[in-house]
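What follows is the residue order along each chain.
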Amino acid sequence: MVDVLSDEIEQFVRTVGPDPDETLAEMDEYAREEGFPHVGPEVGGVLRLLARLTDAERIFEFGSGYGYSAYWFAEALPENGEIVLTEVDEDELEMARDYMAQGGYDDLAQYELGDALEAIDRYDGPFDVTLIDHQKHRYVEAFEAVREKVPTGGVVVADNAIAAGIIEFDKLQELIETDATAAEIDANEHTEGIADYLEHVTTDPAFETVLLPLGEGIAVSYRVE
């Protein structure tokens, strides 16, 4: 897997960025001990900043794991705000509930066990910030499912836009920079899914997208119209 940032730069970014509270530090330690993939504090700080910059009141997550990104988001929400966590693993969702409660954010959270693409249909918009961080081959589907619920000035963030254990960066780069197809270069469905997503959002005239090389890469799409 490609290293998005060197260890030295990653540590420097973390040092300059916001300090995680005790609960987030505990969640970071869990990720280290269990080898659980999470966005990490350098991306978490950006997610919280995006929520603040958009004056977010409602947030939706496609894939929440044990609640790490949701916890960062929740710190920026007002008392009457709402964040919807979705997760197919019941144990992870229960962990998320416990951590959110530990931080005092349980009242802000809605917990949806099961397919996030089914959950989004049960919610009306608007969602000021959306995080897509589930099955890579379904990223475009997730974007389209939430697209009309994102207001002008809202943001959609996609994690693993550069790297992940299941993403082949050299093939991702080839898909993005050439006319090669996934079949021609034998790219797996996860790599193809990220390539399809990046092409999809960067060509959508209603959104302006930038790719930030933090964590495993995040694509930030701002709704301009």
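Each value, and the rule that gives it
- Residues numbered from 1 in each chain as written.
- Predicted model: local features only at pLDDT ≥ 70, side-chain atom pairs only at ≥ 80, totals over all residues.
- Heavy atoms only, no water.
- Helix = DSSP H or I, 4+ residues; strand = E, 2+ residues; numbered from the N terminus.
- Rg over C-alpha atoms; globule rule 2.2 N^0.38 Å.
- Buried < 20%, exposed > 50% of the residue type's maximum accessible area, 1.4 Å probe, protein only.
- Contact = heavy atoms within 4.5 Å.
- Areas by Shrake-Rupley, 256 points an atom, 1.4 Å probe, with all protein chains shown as cover.
- Lys, Arg positive; Asp, Glu negative; His and termini not counted.
- Charge placed at Lys NZ, Arg CZ, Asp CG, Glu CD.
- Phe/Tyr/Trp six-rings, centres within 6.5 Å; stacked < 30°, edge-to-face > 60°.
- Lys NZ or Arg CZ within 6 Å of the ring centre and 35° of its normal.
- Core = buried A, V, L, I, M, F, W, Y, C linked by side-chain atoms within 4.5 Å.
- Axes fitted to C-alpha atoms, helices over the stretch in contact; angles between N-to-C directions.
- Nonpolar A, V, L, I, M, F, W, Y, C, P; charged D, E, K, R; others polar.
- Patch = residues over 30% accessible without salt bridge, like charges linked within 9 Å, V, L, I, M, F, W, Y side chains within 5 Å.
- Salt bridge = Lys/Arg side-chain N within 4 Å of Asp/Glu carboxyl O.
- Parallel < 35°, antiparallel > 145°, perpendicular 65-115°, else oblique.
- Left-handed = near helix turned anticlockwise from the far one by under 90°.
- Pairing = 2+ DSSP bridges.
- Right-handed = clockwise from strand over helix to strand, strands pointing away.

## As for the overall build of the protein chain
Per the secondary structure count, the protein chain includes 10 helices and seven strands. Against the compact-globule benchmark of 17 Å for 225 residues, the protein chain has a radius of gyration of 17 Å, which places it among compact chains. C-alpha extents for the protein chain along the principal axes are approximately 50 × 40 × 30 Å. Counting all 225 residues of the protein chain, 52% fall into the buried class. When contacts within the protein chain are restricted to residue pairs at least 6 apart in sequence, those whose partners lie at least 24 apart make up 68%. As displayed, the protein chain has an accessible area near 10,800 Å², and 46% of this comes from carbon and sulfur atoms. If you average the places of the 13 positive and of the 54 negative side-chain charges in the protein chain, the two averages end up 4 Å apart.

## A look at unusual backbone geometry
Note the cis peptide between G125 and P126, where omega equals 0°. Mapping P126 onto the fold places it in the loop between α6 (116–119) and β4 (129–132). Here N160, not a glycine, exhibits a phi torsion of approximately 60°, which is positive. With respect to the secondary-structure elements, N160 resides in the loop between β5 (155–159) and α8 (169–177).

## Considerations on the packing of aromatic side chains
Taken as a whole and assessed by the stated rule, the structure comprises 12 aromatic pairs. Measuring from centroid to centroid gives 6.0 Å for Y66 and Y99, while their planes differ by 65°, and the two rings are edge-to-face. Placement of the pair is Y66 in the loop between β1 (58–62) and α4 (68–74) and Y99 in helix α5 (residues 90–102), with a sequence separation of 33 residues. Members of the aromatic cluster, each reached through a chain of ring pairs, are Y30, F36, Y66 and Y99. Geometry around F127 places R58 over its ring, the cationic atom sitting 4.3 Å from the centre.

## Here we look at the nonpolar core
Of all hydrophobic cores here, the largest spans 39 residues; its most connected members are I59, F73, I83, L85 and M100. With six residues, the top contributor of residues to this core is α4. Counting residues in hydrophobic clusters, the runner-up holds 34 residues, among them V146, V150, A187 and Y197.

## Examining the packing of helix α7 (residues 139–147) against helix α10 (residues 189–202)
Look at α7 against α10: their axes get within 8 Å of each other, and the N-to-C directions meet at 35°. Between α7, through Y139, V140, F143 and E144, and α10, the contact on the second element is made entirely by I194, D196, Y197, H200 and V201. A breakdown of the residues in the contact of α7 with α10 according to their chemical character gives six nonpolar, one polar and two charged.

## Some remarks on a negative patch on the surface
Taken together, E189, E192, D196 and E199 make up a surface patch of like negative charges. Here E192 lies in helix α10. We classify E192 as partly exposed; its relative accessible area is 32%.

## Quick look at the packing of helix α1 (residues 7–16) against helix α3 (residues 40–53)
Remark: α1 packs on α3, axes separated minimally by 8 Å, with the N-to-C direction vectors making an angle of 45°. What the angle tells us is that α1 and α3 run oblique. Read as a crossing pair, α1 and α3 show a hand that is left-handed. Judged by residue contacts, E10, V13 and R14 of α1 engage G40, P41 and E42 from α3. Looking at the contact of α1 with α3 residue by residue, the class counts come to two nonpolar, one polar and three charged.

## Regarding the pairing of β4
A two-sided burial pattern is seen for β4, the buried positions comprising V129 and L131 on one face and T130 and I132 on the other. Sheet topology note: the β1/β4 ladder contains four bridges and is parallel. Of the residues in β4, the one forming a bridge with E61 is L131. Summarising the sheet, β4 and β5 pair through four bridges and their orientation is parallel. Bridging from a neighbouring strand, V129 pairs with V155 of β5. Regarding topology, α7 serves as the crossover connection from β4 to the parallel β5, and that connection is right-handed.

By themselves these figures say nothing about function.
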